[in-house]
Amino acid sequence: MTVSESLQFFYKENNFPNDGGESKDFFELKFKLFTLKLPNSQFRKDVIHIHDIQHILYNCDTTWKGEAFIAGWEIATGLWKRFPIGFFSLWAMGFSLIFYPKEVFRGYKAGINTKGIIDLKIDKKTLLKLSLSELKKMIKKDKQQKLNWITFLFWCFISEIFVLFPFLLFIVSVFYFL
């Protein structure tokens, strides 16, 4: 099965548009009690197919549990270096650590031994023509690495700062104005 065929199946299964929402002006970020409607920026549109392919490769659903795995994987593969999309991954990892720390850890562990799809520097058309097995071979690192706990904990700390920063800013502002 090609990446393109897998994406179409994934989109249909998850009630997403055929392009994964790439052509939409907004996207929704769903939480238990509310949903945020956010602008679908060009940098997000340019990489959403890559994010969705990661869900397919690791058989992750689109719940926060699945997003937790993907966020850990993205940080381990170095997506954090890609400004500004890396901020989304750091935020998602921090948020996910609160509810699904095991999934973040599993994703991070899987990510240290793979290359990020974005780092393959393959244009979208070529990427979509690949078979899933070809893509899996391409992202597998030749030399397997062991988990470095200090690095993992560093990224956990940084990601929590991304999640908690707005709250910390609010608290500091309240005390400042009192």
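Further up the page is the structure itself.
Conventions we followed
- Residues numbered from 1 in each chain as written.
- Predicted model: local features only at pLDDT ≥ 70, side-chain atom pairs only at ≥ 80, totals over all residues.
- Heavy atoms only, no water.
- 1 Å grid on protein atoms, 1.4 Å probe; cavity = no way out; pocket = protein on both sides within 12 Å on 5 of 7 lines; lining within 4 Å.
- Points joined across faces, edges and corners; volume = space filled by probe spheres on them.
- Helix = DSSP H or I, 4+ residues; strand = E, 2+ residues; numbered from the N terminus.
- Nonpolar A, V, L, I, M, F, W, Y, C, P; charged D, E, K, R; others polar.
- Buried < 20%, exposed > 50% of the residue type's maximum accessible area, 1.4 Å probe, protein only.
- Salt bridge = Lys/Arg side-chain N within 4 Å of Asp/Glu carboxyl O.

Student: Break down the layout of surface pockets for me, citing the residues and quoting the values.
Tutor: Any empty space left between atoms is shown by rolling a water-sized probe over those atoms. Its boundaries defined by the atoms lining it, the largest pocket holds a volume of some 1,200 Å³. Taken together, 44 residues make up the lining of the largest pocket; nearest its centre are Phe27, Glu28, Leu29, Arg44 and Glu67. Tallying contributions element by element places helix 2 (residues 42-57) first for the lining of the largest pocket, with nine residues. Considered class by class, the residues forming the lining of the largest pocket number 26 nonpolar, eleven polar and seven charged. Counted as a void, the second largest pocket has a volume near 230 Å³. In terms of lining residues, the second largest pocket is bounded by Phe31, Lys32, Leu33, Phe34, Thr63, Trp64, Phe95, Phe99 and Tyr100. Of the residues belonging to the lining of the second largest pocket, the class tally is seven nonpolar, one polar and one charged.

Student: Could you give me a rundown of the environment of Ser41, with the residues and numbers involved?
Tutor: If you trace the backbone, Ser41 turns up in the loop between strand 2 (35-39) and helix 2. Judged by relative accessible area, Ser41 falls into the partly exposed class, the value being 23%. Linking Ser41 and Lys109, residues 68 residues apart in sequence, is a C-alpha distance of 30 Å.

Student: Help me get a handle on the pattern of salt bridges, residues and values and all.
Tutor: Here the structure, examined in full by the defined rule, presents three salt bridges. Of the charged contacts, one joins Asp119 and Arg82 as a salt bridge, the two residues approaching to 2.6 Å between their closest N and O atoms. With Asp119 in the loop between helix 5 (101-111) and helix 6 (124-129) and Arg82 in the loop between helix 3 (64-77) and helix 4 (85-99), the pair connects residues that are 37 residues apart, well separated along the chain. Classification of Arg82 by relative accessible area gives partly exposed; the value is 28%. One salt bridge in this structure joins Arg106 and Glu103, with 2.5 Å as the shortest N-O distance. Residue Arg106 and its partner Glu103 are both found in helix 5; the two are separated by three residues, about one turn of the helix. Among the residues examined, Arg106 registers a relative accessible area of 45% and is labelled partly exposed.

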